Amino acid sequence: QVQLVESGGGLVQPGGSLRLSCVASTTIFALYTMDWYRQAPGKQRELVATITAGYRTNYADSVKGRFTISRDNPKNTVYLQMDSLKPEDTAVYYCSATPPPDYGIPSWGKGTPVTVSL
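The numbering scheme is per chain: residues are counted from 1 as the chain's sequence reads. Per-residue local features are limited, in this predicted model, to residues with pLDDT of at least 70; the limit for side-chain atom pairs, both in listing and counting, is 80 or more; totals at the level of whole chains, interfaces and linings are taken over all residues. Processing note: side-chain calculations cover all non-hydrogen atoms of the structure and skip hydrogens and water entirely.

**Looking at the sheet that holds strand 3 (residues 18-24)**
Filter applied, for reference: DSSP-based pairing: two strands are paired if at least 2 bridges between them are found. Labels follow the DSSP assignment, with helices taken as runs of H or I lasting at least four residues and strands as runs of E lasting at least two, numbered in each case from the N terminus. Axis geometry follows a simple rule: fit a line to the C-alpha atoms, using only the stretch in contact for helices, then measure angles between N-to-C directions, giving values from 0 to 180 degrees.
What the 4 strands build is an open sheet, ordered 1-3-8-7; its pairing is antiparallel. Here the strands that pair on one side only, and so sit at the sheet edges, are strand 1 (4-7) and strand 7 (67-72). In this sheet, neighbouring strand axes are inclined to one another by 15 degrees on average, regardless of whether the strands run parallel or antiparallel.

Now the structure itself:
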């Protein structure tokens with residue numbers, strides 16, 4: 001499995017921005033589909049954003065127009081730029097890496113907390 005390390009979480013006021021990063025320990029990072037999930041207290045984990053090996057992106061309706069997922073393959077890193085943050089964005093954010101077929105199973109990071117509050 002791939003080791004994933006998230007960073008960039010913290011406390012931010014409503015309307016503010018944060019950029020999350022996730023670094024992956026694999027030599028074939030460019031082949032992975034990368035996802036950001038989040039889990040708020042008392043709620044199920046939900047998919048926030050996806051970027052494929054071909055740079056196609058997809059977003060949850062709740063974050064469309066506010067969040068942007070991107071990747072830097074030479075740095076083995078995926079980012080989540082979060083703008084116009086709302087209190088309901090408060091959650092622990094997790095990075096996930098899905099390999100191409102026959103290369104193994106998805107991996108998860110340990111998460112980075114984001115709190116949106118005054």
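**Focus on the state of the cysteines**
Short version of the rule: To count as a disulfide, a pair of cysteine sulfur atoms needs to be within 2.5 Å.
Taken as a whole, this structure holds 1 disulfide when the rule is applied. Put simply, Cys22 and Cys95 are joined by a disulfide, and their sulfur atoms are 2.1 Å apart. Of note, the bridge from Cys22 to Cys95 carries an S-S torsion of about -80 degrees and is left-handed in sense. On the criterion of sequence distance, the pair formed by Cys22 in strand 3 and Cys95 in strand 9 (residues 91-98) is long-range, its members being 73 residues apart.

**What about the pattern of salt bridges?**
Spelled out, the test is: In the sections that follow, a salt bridge refers to a side-chain nitrogen of Lys or Arg positioned within 4 Å of a carboxyl oxygen of Asp or Glu. For every residue, the accessible area obtained with a 1.4 Å probe (protein chains only) is divided by the maximum for its type, and the residue is called buried under 20%, exposed over 50%, and partly exposed between those limits.
Counted according to the given criterion, the structure contains 4 salt bridges. A salt bridge links Asp89 to Arg38; the nearest nitrogen and oxygen atoms lie 2.9 Å apart. Here the residue Asp89 occupies a position in the loop between strand 8 (77-82) and strand 9, and Arg38 occupies one in strand 4 (residues 33-39), the gap between them amounting to 51 residues. Grouping residues by exposure puts Asp89 and Arg38 together as buried. Between Asp61 and Lys64 there is a salt bridge, and its shortest N-O distance comes to 3.2 Å. Judged by its relative accessible area of 65%, Asp61 is exposed. It is possible to trace a salt-bridge network through shared partners that takes in Arg38, Glu46, Arg66 and Asp89.

**Looking at the side chain of Glu6**
In plain terms, the rule: Charged residues are defined narrowly, with Lys and Arg counted positive, Asp and Glu counted negative, and His plus the chain ends left uncounted. Counting of polar contacts relies on pairs of N or O atoms within 3.5 Å, with two restrictions inside protein: one atom must be capable of donating a hydrogen and the other of accepting it, and residues adjacent in sequence are counted only when both atoms are side-chain atoms. Here a residue-residue contact requires only that any non-hydrogen atoms of the pair lie within 4.5 Å.
Tracing the chain through its elements places Glu6 in strand 1. Among buried Asp, Glu, Lys and Arg side chains, Glu6 stands out as unpaired, with Arg45 the closest opposite charge at 7.6 Å. A polar side-chain atom of Glu6 sits 2.8 Å from the main-chain amide nitrogen of Cys95. If we skip the residues at most four places from it in the chain, Glu6 touches Ser21, Cys22, Trp36, Tyr93, Tyr94, Cys95, Gly109, Lys110, Gly111 and Thr112.

Just geometry here; none of it tells us what the structure is for.
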